[in-house]
Amino acid sequence: MSKDTARMAARLDRLRIRHLRFLELVDAHGSLSGAAGQLALSQPAATKMLQEIEAVFGAELVARTTRGAALTPAGQLALARLRVALNALSAAIEAVSAAPPVPVVRLGILPLVGVVALPKLLARMAAQPGCPRLSVHEATVGGLLSMLDRGELDCVIGRVGSSLEASATSAMRVTPLWEERLAVACALDHAMARKRAVTLADLCNQDWVTTPRGAHTRSLFEAPFLTAGIVPPQPKVESFSFHTNLCLVSGSNLLTVAPESAVRHYARLGMVRKVRHGAWFAAGRTVFVTREDMADSPGVATVAAALAGMMDDAECGLLDDD
């Protein structure tokens with residue numbers, strides 16, 4: 001071990017879990033006293049704890065003001081890394097506390113993945129030895145990537161676009177999976193369900209429920225109208241969840257767009273019908289994203305291997321809703 005490594009190890013040995021939580025609590029409460037109260041510390045003890053943390057990092061992490069305390073830029077940088085360590089510790093405790101102990105994978109997904117891909121992923125994983133326990137979290141693309149960056153998730157399966165490239169860093173490992181286009185859906189008795197050919201102009205004259213502005217699906221939806229020099233239709237209802245949107249469509253005169261596999265799924269349930277139209281919408285890419293420091297862990301590796309197997313079988317229709 002080099003002298004620098006030995007010195008770093010000696011500094012790290014002076015840290016305890018309470019030190020790590022203390023910095024997070026100062027940020028949350030905006031004061032040393034608030035953090036001290038959460039840890040049942042006196043004010044002098046809280047001050048001493050801060051001094052100990054700053055001595056380990058060799059930098060000022062908290063700046064005191066007349067209104068309380070705030071993390072310095074160095075403190076914010078330290079906290080970002082410490083949150084990853086705290087979340088990893090929580091995950092380790094959860095995994096070991098199971099009887100018998102099994103790997104726990106904190107998996108983030110977009111709702112699309114839960115319709116068709118997740119059940120088939122679980123079926124493939126169940127046949128493998130040492131199948132991990134999944135803790136599944138649903139959120140928006142931005143929310144999932146933020147949780148992954150903070151170490152609150154181990155991996156993410158999502159249908160994303162340019163937002164991924166903007167958010168992914170060298171600390172992330174990205175594996176492309178499959179591509180899918182949007183489809184237009186309507187109620188079974190809607191006039192659009194009976195048309196053999198639908199134009200963009202036809203769609204402009206309809207009432208819609210879509211995702212809000214800023215969502216990736218909304219951008220894909222509006223793109224062909226804008227390319228054709230047509231003002232995109234303004235939705236009567238906005239909702240992030242395509243599950244909600246498809247359910248609304250099934251009992252109303254509204255149209256919506258959703259990933260094609262989701263439209264097929266709800267069509268097989270007898271709730272909606274796919275509107276016949278051209279291939280106007282650009283395909284969205286579904287990817288598997290994991291932190292580099294978690295990519296080779298047993299649980300995440302099992303999920304990655306199962307997804308790879310699914311992709312090998314994709315030509316056989318594994319990802320179709322049948």
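Please read all numbers here as calculations on a predicted model, not as lab measurements. (Residues numbered from 1 in each chain as written. Predicted model: local features only at pLDDT ≥ 70, side-chain atom pairs only at ≥ 80, totals over all residues. Heavy atoms only, no water.)

Structural notes on the pattern of salt bridges
Consideration 1: Within this structure, the stated rule accounts for eleven salt bridges.
Consideration 2: A salt bridge links Arg 150 to Glu 152; the shortest N-O distance between them is 2.7 Å.
Consideration 3: Accessibility expressed as a relative area gives 30% for Arg 150, which makes it partly exposed.
Consideration 4: The exposure class of Glu 152 is partly exposed, given its relative accessible area of 26%.
Consideration 5: Among the ionic pairs, Arg 213 bridges to Glu 222, the shortest N-O distance being 2.9 Å.
Consideration 6: Arg 213 sits in the exposed class, given a relative accessible area of 51%.
Consideration 7: In the salt-bridge network here, residues are joined through shared partners; they are Arg 213, Arg 218, Glu 222 and Glu 238. (Salt bridge = Lys/Arg side-chain N within 4 Å of Asp/Glu carboxyl O. Buried < 20%, exposed > 50% of the residue type's maximum accessible area, 1.4 Å probe, protein only.)

Focus on the nonpolar core
Consideration 1: Of all hydrophobic cores here, the largest spans 24 residues; its most connected members are Phe 22, Leu 23, Val 26 and Val 62.
Consideration 2: When contributions to this core are tallied by element, the ones reaching two or more residues are helix 2 (17-29), helix 3 (32-38), helix 4 (43-57), strand 2 (68-71) and helix 5 (73-97).
Consideration 3: Non-local contacts of Leu 23, meaning those with residues more than four positions away in its chain, are made with Leu 61, Val 62, Leu 71, Gly 75, Ala 78, Leu 79 and Leu 82.
Consideration 4: Counting residues in each nonpolar core, the second largest holds 19 residues, with Val 105, Ala 117, Met 125 and Ala 306 among its members. (Core = buried A, V, L, I, M, F, W, Y, C linked by side-chain atoms within 4.5 Å. Helix = DSSP H or I, 4+ residues; strand = E, 2+ residues; numbered from the N terminus. Contact = heavy atoms within 4.5 Å.)

Considerations on a positive patch on the surface
Consideration 1: Together, Arg 16, Arg 18, Arg 21 and Lys 48 make up a region of like positive charge exposed at the surface.
Consideration 2: Along the polypeptide, Arg 18 turns up in helix 2.
Consideration 3: The class of Arg 18 is partly exposed, set by a relative accessible area of 34%. (Patch = residues over 30% accessible without salt bridge, like charges linked within 9 Å, V, L, I, M, F, W, Y side chains within 5 Å. Areas by Shrake-Rupley, 256 points an atom, 1.4 Å probe, with all protein chains shown as cover. Lys, Arg positive; Asp, Glu negative; His and termini not counted. Charge placed at Lys NZ, Arg CZ, Asp CG, Glu CD.)

What about the packing of helix 13 (residues 242-250) against helix 14 (residues 260-268)?
Consideration 1: It is the contact of helix 13 with helix 14, at a shortest axis distance of 11 Å, that shows an interaxial angle of 45°. Considering their axes alone, helix 13 and helix 14 lie oblique with respect to each other. Like other packed secondary-structure pairs, helix 13 and helix 14 cross with a definite hand, here right-handed. The segment helix 13 lies against helix 14, with Phe 242, His 243, Leu 246 and Cys 247 engaging Ala 262, Val 263 and Tyr 266.
Consideration 2: When the residues that make up the contact of helix 13 with helix 14 are grouped by side-chain class, the tally is six nonpolar, one polar and no charged. (Axes fitted to C-alpha atoms, helices over the stretch in contact; angles between N-to-C directions. Parallel < 35°, antiparallel > 145°, perpendicular 65-115°, else oblique. Left-handed = near helix turned anticlockwise from the far one by under 90°. Nonpolar A, V, L, I, M, F, W, Y, C, P; charged D, E, K, R; others polar.)

Let's talk about helix 2
Consideration 1: For helix 2, built from 13 residues, the straight-helix expectation of 18 Å at 1.5 Å per residue is met to within 8% by its first-to-last C-alpha distance of 18 Å.
Consideration 2: Residues His 19, Leu 20, Phe 22, Leu 23, Leu 25 and Val 26 constitute the buried set of helix 2.
Consideration 3: Residue Gly 30 follows helix 2 closely and has a positive phi angle near 70°. (Expected span 1.5 Å × (residues − 1).)

Focus: a nonpolar patch on the surface
Consideration 1: Where nonpolar side chains cluster on the molecular surface, the patch consists of Ile 17, Leu 89 and Ile 93 and spans about 270 Å² of accessible area.
Consideration 2: Note on placement: Leu 89 falls in helix 5.

Observations concerning helix 13
Consideration 1: Turning to helix 13, its buried residues are Phe 242, Asn 245, Leu 246 and Val 249. Buried residues of helix 13, seen end-on, are gathered within an arc of 95° and therefore sit on one face of the element.
Consideration 2: Looking at the packing, one finds that the buried side of helix 13 touches helix 6 (111-115), strand 7 (182-186), strand 8 (209-210), strand 10 (256-259) and helix 14.
Consideration 3: Capping the start of helix 13, Ser 241 holds a side-chain oxygen 3.3 Å from the backbone nitrogen of His 243, two or three residues further along. (Arc of directions from axis to C-beta. Polar contact = N/O pair within 3.5 Å; in protein donor to acceptor, adjacent residues only side chain to side chain.)

Digging into the sheet that holds strand 11 (residues 273-274)
Neighbouring strands of a sheet are bound in pairs by backbone hydrogen bonds; such pairs are parallel or else antiparallel.
Consideration 1: In spatial order, the strands read 10-7-11; together these three strands make up an open sheet with antiparallel pairing. Two strands in the sheet have a free side with no partner beyond their single neighbour: strand 10 and strand 11.
Consideration 2: Here strand 7 runs beside strand 11; their pairing, made up of two bridges, is antiparallel. From the neighbouring strand, Cys 186 faces strand 11, where its bridge partner is Arg 273.
Consideration 3: Sitting on the sheet, helix 13 is in contact with strand 7 and strand 10, with an inclination near 135° to strand 10. (Pairing = 2+ DSSP bridges.)

Some words on the pairing of strand 12 (residues 284-291)
Consideration 1: Counting buried positions along strand 12 yields seven of eight residues, so the element is predominantly enclosed.
Consideration 2: The pairing of strand 6 (residues 172-180) with strand 12 spans seven bridges and is classified as antiparallel. Looking at the pairing, Val 174 lines up with Val 289 of strand 12.

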